[in-house]
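Here are the chains, one letter per residue:
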Amino acid sequence: MEGVTVSGMDHQGEFRRAALESGIPDDEVSRFSRHLRLTIGLSWAGGGDPVGQVGGSPRLPVGMKWPSAGDIPLPLLLSVDCGALPRVDGLDLPKDGTLLFFVDQEMDHEDCSGRYARVVYVPDGTETAVAEAPGSVPVRDRVDVSAELGAELPLWLQEGDEDWHEYWGEDLDREDMSPFQQQLLQYMENDLPHLDELRDLAYGLWPSDAQVFIGGYADDEVINSIAEQTLAGREKAGEIPAVQDATWDADLEKEKHRLTSEWISLVSETPVYEEYYTSFVIRHDDLAAARVDKALPVTTFEAP
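All values derive from a computational prediction rather than experimental measurement.

1. Examining the overall build of the protein chain
Scanning the protein chain from N- to C-terminus turns up 9 helices and 16 strands. With the principal axes as the frame, the protein chain shows a C-alpha extent of 60 × 50 × 40 Å. The buried share of the protein chain, taken over its 304 residues, is 46%. In the protein chain, the proportion of contacts linking residues at least 24 apart, taken out of those at least 6 apart, comes to 71%. Working note: accessible area of the protein chain is about 15,600 Å², and carbon and sulfur atoms make up 46% of it. One finds the centroid of the 23 positive side-chain charges in the protein chain at a distance of 8 Å from the centroid of its 60 negative side-chain charges.

If you want it as structure tokens, here you go:
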């Protein structure tokens, strides 16, 4: 994360100054900052200026049909005004226009093809009109959302026993770790000895309890699926030797680690018990080129 700037403020500089004042060496601050991503949290309880809406009726380009999967129209999840969002380096959102997220969450949860979700970008200057939802589409009550910043780290650097076990495996001893896991653990111990303090500092500077987040790390379930497909494709093409069952997990970990630098979360809902929640992930280069149709969705049902 270099030169993170929001509303004219250098947030990387703010973080660095605070860390140095705490006595943490400059080179360690730099290493930690490479993993730190700022997110834009969207909340309907923040009381700030609106930057978008959950639900409601979208403004679509004149003549554009309501997004659908075949003959199944997709409900509107969220719309955001890109020009009203804070600017965060490393998150190459369009500078203006509107992003609209459509998804049939129940169908998307059951189908992994992505056909039951759609992201639409409407540039400023486009002639639009309020679209009337097809009769079969449920329309949520419109709720304005405001923006705040949050801090996020990759899963393997996150705090807490639950997160640790989710990445490393519950009760996993060092000798039982793969060579790659041991390498990551050694990096944490040797190169980030002040990890706890750096984590606390980042979360303290940018706390957020928003319901929806833009930016940050891609959903682990999506990255895992992409990594599996990538490895299988490279193996089939002869680019890598046949992956053995004994090394599959280790190879998958390495590939996931590599892909986290290529992919970013576009939008993600926070889990709510007994409800569906959806995340959209996208490659950095596709987002920078406003190819939002390349975003991949994943919908999960959070069971109690």
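Picking up after the structure, the text goes on.
2. Overview of helix α1 (residues 11-21)
For α1, every residue scored as buried is listed here: H11, Q12, G13, F15, R16, A18 and A19. With a side-chain oxygen positioned 3.3 Å from the backbone nitrogen of Q12, the residue opening α1 is D10. Among the residues trailing α1, G23 stands out with phi positive, at a value near 90 degrees.

3. Some words on the packing of aromatic side chains
Aromatic rings in a pair are described by how distant their centres are and how their planes are angled relative to each other. One pass over the structure, following the stated rule, counts 6 aromatic pairs. Taking the centre distance of 5.7 Å and the plane angle of 20 degrees together, the rings of F15 and F32 count as stacked. Note that F15 is positioned in helix α1 and F32 in helix α2 (residues 26-33), a separation of 17 residues in sequence. Across this residue pair, the class does not change: F15 and F32 are buried. When the ring of W156 is compared with that of Y187, the centres are 6.1 Å apart and the planes differ by 55 degrees; the resulting orientation is tilted. Taken as a pair, W156 in the loop between β12 (143-152) and α4 (161-168) and Y187 in helix α5 (residues 179-191) lie far apart in primary sequence, 31 residues in all. Taking the relative accessible area as the measure of exposure, W156 reaches 6% and is therefore buried. With a relative accessible area of 19%, Y187 lands in the buried category. Grouped by ring-pair contacts, the aromatic residues F15, F32 and W206 constitute a single cluster. Residue placement shows R37 over the ring face of Y217; its charged tip is 4.0 Å from the ring centre. Across the ring face of Y116, the terminal group of R115 is positioned such that the distance to the ring centre comes to 4.9 Å.

4. A closer look at unusual backbone geometry
Excluding glycine, a negative phi dihedral is what most residues carry, and trans is how most peptide bonds are arranged. One non-glycine residue with positive phi stands out, namely A290, at about 60 degrees. Residue position: A290 is located in the loop between α9 (284-288) and β16 (296-302). Classification of A290 as partly exposed rests on a relative accessible area of 29%.

5. Considerations on the packing of α1 against helix α6 (residues 195-205)
Here α1 crosses α6 at 135 degrees, and the two axes come no closer than 11 Å. Comparing their axes, α6 and α1 come out oblique. Here α1 runs over α6; the crossing is right-handed. In this structure, α1 contributes E14, F15, A18 and A19 to the contact, and α6 contributes L198, L201, A202 and L205. Counted by class, the contact of α1 with α6 contains 7 nonpolar, no polar and 1 charged residues.

6. Some thoughts on the pattern of salt bridges
Tallying each qualifying case throughout the model produces 9 salt bridges. Among the ionic pairs, D220 bridges to K256, the shortest N-O distance being 3.2 Å. With D220 in helix α7 (residues 220-236) and K256 in helix α8 (residues 248-259), this residue pair connects regions lying 36 residues apart in the sequence. By relative accessible area, D220 is classed as partly exposed at 33%.

7. Details of the side chain of E28
Within the secondary structure, E28 sits in helix α2. For the buried E28, which has no salt bridge, the nearest side chain bearing the opposite charge is R31, at an N-O separation of 5.2 Å. Sequence-distant contacts of E28, defined by excluding residues within four places in its chain, comprise D191, L192, P193, H194, L195 and L198.

8. Brief notes about the sheet that holds β16
The strands that make up a sheet pair up through hydrogen bonds in the backbone, lying either parallel or antiparallel. Within the open sheet, the 10 strands sit side by side as β10-β9-β8-β4-β12-β3-β13-β14-β15-β16. Their pairing is antiparallel. Looking at which strands have only one partner, the edges of the open sheet turn out to be β10 (117-122) and β16. On average, adjacent strands in this sheet sit at an angle of 25 degrees to one another, irrespective of strand direction. Across 7 bridges, strand β15 (residues 275-283) lies against β16 in antiparallel orientation. For E275, the partnering residue across the bridge sits in β16 and is E302. Set on the sheet, α7 makes contact with β14 (263-269), β15 and β16; between it and β16 the angle comes to about 130 degrees.

Thresholds, definitions, all that
Residues numbered from 1 in each chain as written. Predicted model: local features only at pLDDT ≥ 70, side-chain atom pairs only at ≥ 80, totals over all residues. Heavy atoms only, no water. Helix = DSSP H or I, 4+ residues; strand = E, 2+ residues; numbered from the N terminus. Buried < 20%, exposed > 50% of the residue type's maximum accessible area, 1.4 Å probe, protein only. Contact = heavy atoms within 4.5 Å. Areas by Shrake-Rupley, 256 points an atom, 1.4 Å probe, with all protein chains shown as cover. Lys, Arg positive; Asp, Glu negative; His and termini not counted. Charge placed at Lys NZ, Arg CZ, Asp CG, Glu CD. Polar contact = N/O pair within 3.5 Å; in protein donor to acceptor, adjacent residues only side chain to side chain. Phe/Tyr/Trp six-rings, centres within 6.5 Å; stacked < 30°, edge-to-face > 60°. Lys NZ or Arg CZ within 6 Å of the ring centre and 35° of its normal. Axes fitted to C-alpha atoms, helices over the stretch in contact; angles between N-to-C directions. Parallel < 35°, antiparallel > 145°, perpendicular 65-115°, else oblique. Left-handed = near helix turned anticlockwise from the far one by under 90°. Nonpolar A, V, L, I, M, F, W, Y, C, P; charged D, E, K, R; others polar. Salt bridge = Lys/Arg side-chain N within 4 Å of Asp/Glu carboxyl O. Pairing = 2+ DSSP bridges.

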